[in-house]
Structures are given as structure tokens and as C-alpha cells.
Amino acid sequence: MTDEKCSVLEHVDVGGGYRRLKVASPAIVKDVQAGQFVHVRVPQLDESSLRRPFSVFDAGDGVLTLLYKEVGRGTKALGLVKAGDEINILGPLGHGFPSKASGTALLVGGGYGVAPLYLLAKTLLKSSSAKVKLFVGGRTAADILALDEFRQLGIEVFPATNDGSLGEKGLVTVPLDKEIAALSASSAPFEIFACGPDPMLKAVSERAISSGAKGWISMDRHMICGVGACYACIQKTVRGNSRCCIEGPVFAAEDLVWE
Ligand code: FES
């Protein structure tokens, strides 16, 4: 883990209230694994709430890329950061996704939950012979992010939107269920990797367990310290309460206890 002073290379609006931030961060990039997160010290916030956790969207050549939505005071303040500014970033933090998969890797993202899946897709393609497919859901087409980047990796993408403005109309489980049924029918091995809102993660976990596939679920929890000290990020698991910033944010589907 490094506390690194990073200069902002690019910070752009990508539509729908989402932003992409690129910083020079060679020390963190060197160690980061897909699914880990970083804690960004946000300028203009008071001392008690000055850091915010973000998934790593991409990392390579010393450049760290974050993809986030402006949803509250912290992300709005971060939105004011511009190219040339310096910000402190602590990371990499937490336990990420496995770097290999057997059979087909089904990546499932909801909204900005797609953020850790891009580095994961790159990692899986590089480190294993797994075929990778992306299933991504959102309320409208504006919530479906980075499709072109995923397509450029050569993977198939299956979007779904509640209003039908892009891909299948309905939840992301609509195209996912079709794929699971096809793979199960041919007894082809697969694993599921997911990040997004809790109802989606619960639905994906249930599918992984009922189909006998491994499921890797990245939980999005409120975090304050990011390093295991404050217990703000508790997730119930079969082993008791776990901290998402230390034992997670990625958990095996069968370990999670849903309330
Ligand atoms: Fe403090 Fe996890 S954020 S213990």
C-alpha cells in the first residue's frame, strides 16, 4: 500500500453524470489487481471526510484510471479537480478478483459497478484462456458505460436497460440467464464476476450458487478509513462480520449473507 502524490493527467465528463479521472500513479499501478480500490484524498473536503474510495477502472504504464458517478458531496468536490492538479491517493486496498478463470468468465456490472470489470477483463484475457463476456445493466443507455473500451478488448457485450433504450429491455439478469442456460445445457464451465447495486449482486449470487458456478461478488459499502480501523464497511458473511475494505470488497458468492 502506498500513499502517493499523483498528478492529474485528464479528468473528463463521459455523460450521464459520470466522469473519468486519469492520474500518474506509478507506485500504485505497479501493485494493483483488478477489483482492488484506492482511497482518494479529495481537495476541499473537511478533515473528517476527506477521503473517498474508488474502484480502479484501468491501470497500466504508470497511469491509474478511475470511473465514477457524481452522487454526493465527495464526488462533486472531486469533480472540480483538473488536469495539472495534484491529489493524494492511498492504495491499492482490499482483496480483488481472482486473476484467472476456468471456462467462460461472465462479467456482470450495474451502472458504475462496471468500473472494476474493465481491468478484470484485461487481466483474465492476459492470464488465462478464459473466454470473457460482459453483461451490463442500467436504467437508461446513459448508465451503460465504456462499452466501446470493452468491445475493443474483443469481448462480447450484452447490455440491458430498464427503459429498453439500449440492448435488452429489463434487468441485466435477462441476457445473463440466457447465457447461463446455454452454458449449463452444454455442461460448459463458467464463473461469474459481478459489481453493482445490492439487488443485482444478490440476484447474481443466487444464480452462481444454483448453477454450481463460482461467483465472485464485489460489494459496494460505505467506507471511511479504508484500512480496517473504523468498521463502517461491514458485510455479513458465513464467517461473521467482514470488513469490505480488508476481507473484501470481493467475496465468494457462497460466503455472503444477505439480509
Ligand atoms: Fe474502515 Fe473498512 S472502511 S474498516
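One can find the structure itself at the top, above this paragraph.
Presented here is a report on the structure given in the accompanying data block. (Residues numbered from 1 in each chain as written. Predicted model: local features only at pLDDT ≥ 70, side-chain atom pairs only at ≥ 80, totals over all residues. Heavy atoms only, no water.)

## Examining the overall build of the protein
Thinking step 1. Tallying secondary structure elements over the protein gives six helices and 16 strands in all.
Thinking step 2. Here the C-alpha radius of gyration of the protein, 18 Å, is about what a compact globule of 259 residues would show, namely 18 Å.
Thinking step 3. C-alpha atoms of the protein, sized along the principal axes, occupy 55 × 40 × 35 Å.
Thinking step 4. Looking at the protein as a whole, 53% of its 259 residues are labelled buried.
Thinking step 5. Accessible area of the protein: about 11,300 Å², with a carbon and sulfur share of 51%.
Thinking step 6. If the 28 positive side-chain charges of the protein are averaged to one point and the 28 negative ones to another, these points end up 1 Å apart. (Helix = DSSP H or I, 4+ residues; strand = E, 2+ residues; numbered from the N terminus. Rg over C-alpha atoms; globule rule 2.2 N^0.38 Å. Buried < 20%, exposed > 50% of the residue type's maximum accessible area, 1.4 Å probe, protein only. Areas by Shrake-Rupley, 256 points an atom, 1.4 Å probe, with all protein chains shown as cover. Lys, Arg positive; Asp, Glu negative; His and termini not counted. Charge placed at Lys NZ, Arg CZ, Asp CG, Glu CD.)

## A few points about the pairing of strand β9 (residues 131-138)
Thinking step 1. The buried fraction of β9 is high, at seven of eight residues.
Thinking step 2. As judged from the seven bridges shared by strand β8 (residues 104-110) and β9, these two strands associate in the parallel manner. Paired with V108 across the bridge in β9 is F135.
Thinking step 3. Note that the unit made of β8, helix α3 (residues 115-127) and β9 has a crossover that is right-handed.
Thinking step 4. With six bridges connecting them, β9 and strand β10 (residues 156-161) associate as parallel partners. Opposite G138, over in β10, you have T161 as the bridge partner.
Thinking step 5. In the classification by handedness, the crossover that spans β9, the intervening helix α4 (residues 147-152) and the parallel β10 is right-handed. (Pairing = 2+ DSSP bridges. Right-handed = clockwise from strand over helix to strand, strands pointing away.)

## Things to note about the environment of P53
Thinking step 1. Note on placement: P53 falls in strand β4 (residues 51-55).
Thinking step 2. P53 gets classed as partly exposed once you look at its relative accessible area, which sits at 25%.
Thinking step 3. Taking C-alpha positions, P53 is 18 Å from A27, a pair spaced 26 residues apart along the chain.
Thinking step 4. In contact with P53, other than residues within four places in its own chain, are F37, V38, H39 and M223. (Contact = heavy atoms within 4.5 Å.)

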